[in-house]
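Breakdown of the fold
This is what each chain is made of:
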Amino acid sequence: MPSLIVEPLNTQHFIMDQDDRKRNKNIGKNFMCRLQCMFSHSSSSERLSLEDTQQWSQSLERLLESKYGMATFRNFLKSEYSDENIEFWLTCEEYKKIKSSFRMSSRAKKIYEQFIKAESPKEINIDYHTREQIKRNVKTSTIHCFDDAQKIVYGLMERDSYPRFLRSDIYRTLLENLAADATKG
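Quick notes on the rules
Residues take numbers from 1 onward in each chain, read along the sequence in its written order. In keeping with the model being predicted, local features are shown solely for residues with a pLDDT of at least 70 and side-chain atom pairs are shown and tallied solely at 80 or more, while totals for entire chains, interfaces and linings include all residues. The side-chain numbers reported here are obtained from all heavy atoms of the structure, hydrogens and water having been left aside. pLDDT expresses, on a scale from 0 to 100, how confident the predictor is about each individual residue. Any pair of residues with heavy atoms lying within 4.5 Å of one another is described as a contacting pair. Strands are runs of DSSP state E lasting at least two residues, helices are runs of H or I lasting at least four, and both sets are numbered from the N terminus onward. Each helix should span, by expectation, one fewer than its residue count multiplied by 1.5 Å. In this scheme, a residue with accessible area under 20% of its type's maximum is buried, one over 50% is exposed, and one in between is partly exposed, where area comes from a 1.4 Å probe on protein chains only. Contacts described as polar in this section are N or O atom pairs within 3.5 Å, which, within protein, must combine one atom able to donate a hydrogen with one able to accept it, while residues neighboring in sequence count only if both atoms come from side chains. Each nonpolar core is a collection of buried residues, namely Ala, Val, Leu, Ile, Met, Phe, Trp, Tyr and Cys, held together in the definition by side-chain atoms within 4.5 Å. Salt bridge, as used here: a side-chain nitrogen of Lys or Arg that lies within 4 Å of a carboxyl oxygen of Asp or Glu.

On average, residues of the chain carry a pLDDT of 84, and 75% of them reach 70 or more. In the model, residues 1–16 has pLDDT below 50 throughout and makes zero contacts with residues more than four positions away in sequence or in other chains. For the stretch residues 39–44, pLDDT sits under 50, and the model shows five contacts to residues farther than four places along the chain or on other chains.

Put into structure tokens, the structure is as follows:
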């Protein structure tokens, strides 16, 4: 009698696995389409390719250099509700481009309020010493105000978020769909 109960559960589990695979395949195709649409103004040589996507697994730096890689990684982090690190890192990259000292000072205070200050809306995970150093740096802001925190955050992403991304359904499904498209066409 117990085997009759187990057998339908196993069949149901198999059906759920098939449904999950179909859903992941559709998610990958939909995501690939969204990425292509986001950058639709790109020339055909800049379109998302299997080779470029495979290169994302070489390093976090390689992933972040790719506009498609960056968009995919950000979406992955948002799906995990852990996008504050990439948002901080990108904000710092933009901050470093500011030329006006007035604008730099104003922006530094906003970055501090948004990412650094304890209990801030997108508080990043940095140690107390670094947090206090940045608090002092912001008073006389320079392009290097957030360098220490940015290095810490990059290290966290490299050791934690990036490996999870490489194992994620989003990345694996995207690779599978690109590989399938490459063999078709």
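Okay, back to it.
Now for helix 4 (residues 67–79). Taking 1.5 Å as the rise per residue, helix 4 with 13 residues should run 18 Å; its terminal C-alpha atoms sit 18 Å apart, in good agreement. Those residues of helix 4 that fall on the buried side of the exposure criterion are Tyr68, Gly69, Met70, Ala71, Thr72, Phe73, Phe76 and Leu77. The backbone nitrogen of Tyr68 has a side-chain oxygen 3.3 Å away, supplied by the residue at the start of helix 4, namely Ser66.

On to the nonpolar core. In this structure, Phe73, Ile86, Phe88, Ile116 and Phe146 are the most contacted members of the largest nonpolar core, which totals 38 residues. Going through the elements one at a time, helix 3 (60–65), helix 4, helix 5 (84–95), helix 6 (101–116), helix 7 (128–139), helix 8 (147–167) and helix 9 (169–184) are the ones with two or more residues in this core. Dropping the residues within four chain positions of it, Phe146 is found in contact with Phe88, Cys92, Tyr95, Ala108, Ile111, Tyr112, Ile116, Ile134 and Val138.

To continue, consider the pattern of salt bridges. The full count for this structure, using the stated rule, is nine salt bridges. With a closest N to O distance of 3.2 Å, Lys97 and Glu94 form a salt bridge. Assessed through its relative accessible area of 54%, Lys97 is described here as exposed. We note a salt bridge from Arg131 to Glu123, for which the minimum N-O separation is 3.4 Å. In this structure Arg131 comes out as buried when scored by relative accessible area, which is 11%. Each member of the salt-bridge network shares a partner with another, and the members are Glu80, Asp160 and Arg164.

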